[in-house]
Amino acid sequence: MIPAADLHTAAERFGTPLYVYDAAELDAALARVRAAFGAARVFYAMKANPNLGLLRRLAQSGVGAECVSPGEIARAEKVGLTGEKVIVNGPAKSAAEYAAGARLGATFIVDRAEEVGRLPPASRALVRVNPALEVSTHDHLATGAAGSKFGVTLAQAPAVLDALRAAGHTALGLHVHIGSAVRDAHDFTAAFGRLTGLRARTGPLAVLDAGGGWGLDADLPGIAREAHAAAAAFGAELWVEPGRYLVARSGTLLTRVVGTKRTGRDFVLVDAGMTELLRPMLYGAAHPVTPLWTAEPGGVWDLAGPACESGDLLAQGVALPTPAPGDLLAVGEAGAYGAGMSSNYLTRPRPAEALYEAGGWRLVRRRETPEDVWRAEEDNAE
Ligand SMILES: Cc1ncc(COP(=O)(O)O)c(C=O)c1O
């Protein structure tokens, strides 16, 4: 945990809104994953937070990367990840992604039967299976339901493995990812059970990729036990792809109070909102909020951002000491799908990001300027 005095220092030095990351918590999360999953290979789903500072630290700790865009593949390469350290995934891969993945020697995750004919020659590939399960998370975060756009059906999977082999690829095995921020460990048990039900039709496999999706309070040892059992049923090596679990708790969004307003509802207006942290608006996500000042108890407030959007609320029903302009708030569990989903809507420059390691701060992303935001509009060279 970063001491409050150091959070104040960062806010003064780098300005707000500001993302800060605690390297010790990042390392601790990885240690928890390794303790639970033992020998499984870990690929960081960098969609959760693509910052090179975090990615480099994870790569140096031996973690691979799961990439879902040409830009993410380029980030993997930039931190020195190639070959078997890289997974290329996605439901609608472009020619650029196949080419970049092939150049790095990455493993591809096949999301539909037609992809077999599009893979670069002699690719290593896994087949993503949709287990057709309702899971305990927000609808937008569920990826393994019957109507979801991801993966092939359980019935199709064995034939897609055969098609890969017939086309000269290495059919490594199966992949499943049921969603993000999944609360109930039984959902994973059910998904893995549906995959092992295919064993009679697939025969032994080299790899079972059990995806990510673990909620922050998930029973990791329980999920790991089930994942290892499923891999063992195929005689396979276990791979996992956590995103949120690795980075969420390391990240905090620092924001300052701009003022207050009472309109029949009590608002504390702050300098961060949907452009910096979209999750509350997009998923109804609740992030813990800690006031970093002391004063008399000041009532219960909704935190509203600066955007001209009624839904631009960072948090609701937060008890605070009496707020005053300039007071600093820490919005917790913001390391995953925070900075990565931030936007330039309203020509708001994206915030700076700073990493706290060995008791000191290192800027890992400078604050954008308005010029950064419109540069591509001015530079019209074709
Ligand atoms: C295929 C795949 N793997 C891993 C992840 C990471 O999920 P999470 O960040 O919830 O662990 C995702 C995210 O949705 C994903 O789509």
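Residues numbered from 1 in each chain as written. Predicted model: local features only at pLDDT ≥ 70, side-chain atom pairs only at ≥ 80, totals over all residues. Heavy atoms only, no water.

The protein is annotated in an unreviewed UniProt entry as Diaminopimelate decarboxylase from Deinococcus petrolearius. Turning to the protein, the UniProt annotation filed under Catalytic activity (unreviewed entry) states: "meso-2,6-diaminopimelate + H(+) = L-lysine + CO2". UniProt's Cofactor (unreviewed entry) comment on the protein is quoted here verbatim: "pyridoxal 5'-phosphate". (UniProt positions renumbered as here; feature names shortened; annotations may be inferred.)

So, on to the UniProt feature "binding site: substrate" (unreviewed entry) in the protein. The feature "binding site: substrate" (unreviewed entry), as given by UniProt, occupies Arg244, Arg279, Tyr283, Glu309 and Tyr337 in the numbering adopted here. Over a stretch of 94 residues, the named residues are scattered through the fold, their C-alpha atoms separated by up to 26.9 Å. Relative to the helices and strands, Arg244 resides in helix 10 (residues 244–247). Those residues in contact with Arg244, other than ones at most four positions away along the chain, are Ala48, Ser180, Ala181, Trp214, Leu216, Arg279, Ala336 and Tyr337. With respect to the helices and strands, the residue Tyr337 is situated in the loop between strand 16 (328–331) and strand 17 (352–357). For Tyr337, the residues in contact, after removing those within four places along its chain, are Lys47, Ala48, Ser180, Arg244, Leu277 and Arg279. (Helix = DSSP H or I, 4+ residues; strand = E, 2+ residues; numbered from the N terminus. Contact = heavy atoms within 4.5 Å.)

Residues in contact with the ligand amount to 16 residues; listed here are only the nearest, Ser180, Gly213, Glu241, Arg244 and Tyr337. Glu241 places a polar side-chain atom, nitrogen or oxygen, 2.6 Å from a nitrogen atom of the ligand. Here Arg244 contributes a backbone N or O atom positioned 2.6 Å from an oxygen atom of the ligand. Notes on the ligand: free accessible area 400 Å², of which the protein chains cover 93%. Counted by class, the shell around the ligand contains four nonpolar, seven polar and five charged residues. (Near = heavy atom within 4 Å. Polar contact = N/O pair within 3.5 Å; in protein donor to acceptor, adjacent residues only side chain to side chain. Areas by Shrake-Rupley, 256 points an atom, 1.4 Å probe, with all protein chains shown as cover. Nonpolar A, V, L, I, M, F, W, Y, C, P; charged D, E, K, R; others polar.)

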